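Tertiary structure, described
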Amino acid sequence: MESGFLHQFVQQLINGISLGSIYALIALGYTMIYGILKLINFAHGDIYMLGAYIGFVCTSMLKLSFLPALIISMIGAALAGIIIERIAYRPMRTAPRIAILITAIGVSFFLENVMILFASPQPRTFPAVFTATVYHVGSWVVNSQQIVILVSALVLMVALTYIVNQTKAGKAMRAVSFDADAARLMGIDIDSTISMTFALGSALAAAGGVLVGIYYNSIDPLMGMVPGIKAFVAAVLGGIGVIPGAMLGGIILGVVEALVSGFISSTFRDAAAFAILIIILLFKPQGLMGKNIREKV
């Protein structure tokens, strides 16, 4: 009995890490944008959906393989993120927080309904871009899709970490996040830096959308709503505004959902995610890797 429990636990752990890596990719966009603008971009989940549809067009209509489709999807979503920031968010930068939040919700509904108009509300079957191979590691099962998802997520997270910590654009992002006014006085182009942040965050979300399409073989115009909110939960869990925290929060959330689905019921997986949000806000609102920030009055 103990052996059976351990086997199932490890199997669900493997499944949860695959799912959590996708949440982490979406959560990174939330946390980057919040770190610079203090904006919760609730349209971010729909950028994830947009990336999935671009990947669908590339693979089903243009007959491209996985890697070109992923790259084109990320580029398309990055451009969409820049356009959205320029048209919807930049004019509202000095507006009250509630006005910007309502704008983000409006952008979310706009993207969903535009996609329904052009692609129809019916789910689409994502084509199999590579042969699904099942590997047996002892008594545990790992398929090639899970390996691709995990490797892709790790590569993108490492690339993002390098960009933020080692490049000139990344240093500008960190400077704007720390003090936008001081960064402007030092000659940093605030608008270009914010656009770059939206582009990077949107590209990562698009990658998550393509990976989900491959994993579940189905996409639809409303697919970004729940994963988008869960990625926000992951960002809050890890410490919103902290890039390593978003990665950690996504993995933890994915593992918790997999364990709840495996040992309790899949109907409670969403409830578990939001229970985590309530608990973290009650007992550690700064998140696992966040720090308390004292503001002088």
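Below: a short report on this structure. Computed from a prediction, not measured in an experiment: that's the story for all the values here. (Residues numbered from 1 in each chain as written. Predicted model: local features only at pLDDT ≥ 70, side-chain atom pairs only at ≥ 80, totals over all residues. Heavy atoms only, no water.)

A word on the overall build of the protein
Scanning the protein from N- to C-terminus turns up 11 helices and four strands. Radius of gyration (C-alpha) of the protein: 19 Å, near the 19 Å computed for a compact globule of 297 residues. Its C-alpha atoms give the protein principal-axis dimensions of about 60 × 45 × 35 Å. For the protein, buried positions account for 46% of its 297 residues. The long-range fraction of contacts in the protein, counting pairs at least 24 apart against all pairs at least 6 apart in sequence, stands at 76%. Total accessible area on the protein is roughly 14,900 Å²; 70% of this is exposed by carbon and sulfur atoms. Taken together, the 17 basic and 12 acidic charged side chains of the protein have centroids lying 7 Å from each other. (Helix = DSSP H or I, 4+ residues; strand = E, 2+ residues; numbered from the N terminus. Rg over C-alpha atoms; globule rule 2.2 N^0.38 Å. Buried < 20%, exposed > 50% of the residue type's maximum accessible area, 1.4 Å probe, protein only. Contact = heavy atoms within 4.5 Å. Areas by Shrake-Rupley, 256 points an atom, 1.4 Å probe, with all protein chains shown as cover. Lys, Arg positive; Asp, Glu negative; His and termini not counted. Charge placed at Lys NZ, Arg CZ, Asp CG, Glu CD.)

A look at the packing of aromatic side chains
Within this structure, the stated rule accounts for five aromatic pairs. An aromatic cluster of three or more residues is present, and its members are Y30, F42 and F232. The ring of Y34 has K38 sitting right over it, with the charged end atom 5.8 Å from the ring centre. (Phe/Tyr/Trp six-rings, centres within 6.5 Å; stacked < 30°, edge-to-face > 60°. Lys NZ or Arg CZ within 6 Å of the ring centre and 35° of its normal.)

Brief notes about the nonpolar core
L25, L28, Y89 and L160 are the most contacted members of the largest nonpolar core, which totals 79 residues. The dominant element in this core, judged by the number of residues it contributes, is helix α8 (residues 190-216), at 15 residues. (Core = buried A, V, L, I, M, F, W, Y, C linked by side-chain atoms within 4.5 Å.)

A short note on the packing of helix α2 (residues 44-61) against helix α4 (residues 97-119)
Each pair of packed helices can be summarised by the angle the axes make with each other and by the distance between the axes. At their nearest, the axes of α2 and α4 sit 9 Å apart, and the two run at 25° to each other. By the criterion of interaxial angle, the relationship of α2 to α4 is roughly parallel. As for how α2 packs across α4, the hand of that crossing is left-handed. From α2, D46, I47, M49, L50 and Y53 reach across to α4, where they touch S108, L111, E112, M115 and A119. Its residues assigned to classes, the contact of α2 with α4 comprises seven nonpolar, one polar and two charged. (Axes fitted to C-alpha atoms, helices over the stretch in contact; angles between N-to-C directions. Parallel < 35°, antiparallel > 145°, perpendicular 65-115°, else oblique. Left-handed = near helix turned anticlockwise from the far one by under 90°. Nonpolar A, V, L, I, M, F, W, Y, C, P; charged D, E, K, R; others polar.)

Examining a nonpolar patch on the surface
The grouping of L67, I71, I75, L79 and I82 at the surface amounts to a nonpolar patch, some 450 Å² of accessible area in total. For I75, the location among the structural elements is in helix α3 (residues 66-89). (Patch = residues over 30% accessible without salt bridge, like charges linked within 9 Å, V, L, I, M, F, W, Y side chains within 5 Å. Salt bridge = Lys/Arg side-chain N within 4 Å of Asp/Glu carboxyl O.)

Quick notes on the environment of L101
In this structure, L101 sits in helix α4. Distance in space between the C-alpha atoms of L101 and A258 is 31 Å, their sequence separation being 157 residues. In contact with L101, other than residues within four places in its own chain, are I40 and F42.

Some remarks on helix α9 (residues 225-238)
Here α9 contains 14 residues, and its C-alpha end-to-end distance of 20 Å stays within 8% of the 20 Å for a straight helix at 1.5 Å per residue. Within α9, 11 of the 14 residues are buried, leaving the element largely enclosed by the surrounding structure. Among all positions in α9, only P227, G228, K230, A231, F232, V233, A234, A235, V236, L237 and G238 are buried. (Expected span 1.5 Å × (residues − 1).)

Description of the packing of helix α6 (residues 168-178) against α8
Two numbers describe how α6 lies on α8: the axes approach to 10 Å, and their chain directions differ by 110°. On the basis of their axis angle, the class for α6 and α8 is roughly perpendicular. For the pair formed by α6 and α8, the contact residues are A172, M173 and V176 on the first element and I190, T193, M196, T197 and L200 on the second. When the residues that make up the contact of α6 with α8 are grouped by side-chain class, the tally is six nonpolar, two polar and no charged.

Focus: the environment of Y34
With respect to the element layout, Y34 can be found in helix α1 (residues 2-37). A sequence separation of 149 residues divides Y34 from A183, and the C-alpha atoms of the two residues are 17 Å apart. If near-sequence neighbours (up to four positions away) are discounted, Y34 is found in contact with L39, I40, I240 and G241.

A short note on the pattern of salt bridges
Two side chains that carry opposite charge are able to pair once their charged atoms sit near each other. Per the counting criterion, the structure on display carries seven salt bridges. Linking D270 and K230 is a salt bridge whose minimum nitrogen-to-oxygen distance equals 2.4 Å. Of this pair, D270 sits in helix α11 (residues 269-283) while K230 sits in helix α9, and the two are 40 residues apart along the sequence. Here R269 ties to E257 by a salt bridge, and the two come within 3.0 Å at their closest N and O atoms. Separated by 12 residues along the polypeptide, R269 in helix α11 and E257 in helix α10 (residues 243-263) bring together distant segments of the chain. Because the salt bridges share partners, they merge into one network encompassing E85, R90, R93 and D191.

Observations concerning the side chain of E85
Within the element layout of this structure, E85 appears in helix α3. Discounting residues that sit within four places of it in the chain, E85 has contacts with R90, R93, I194, S195 and F198.

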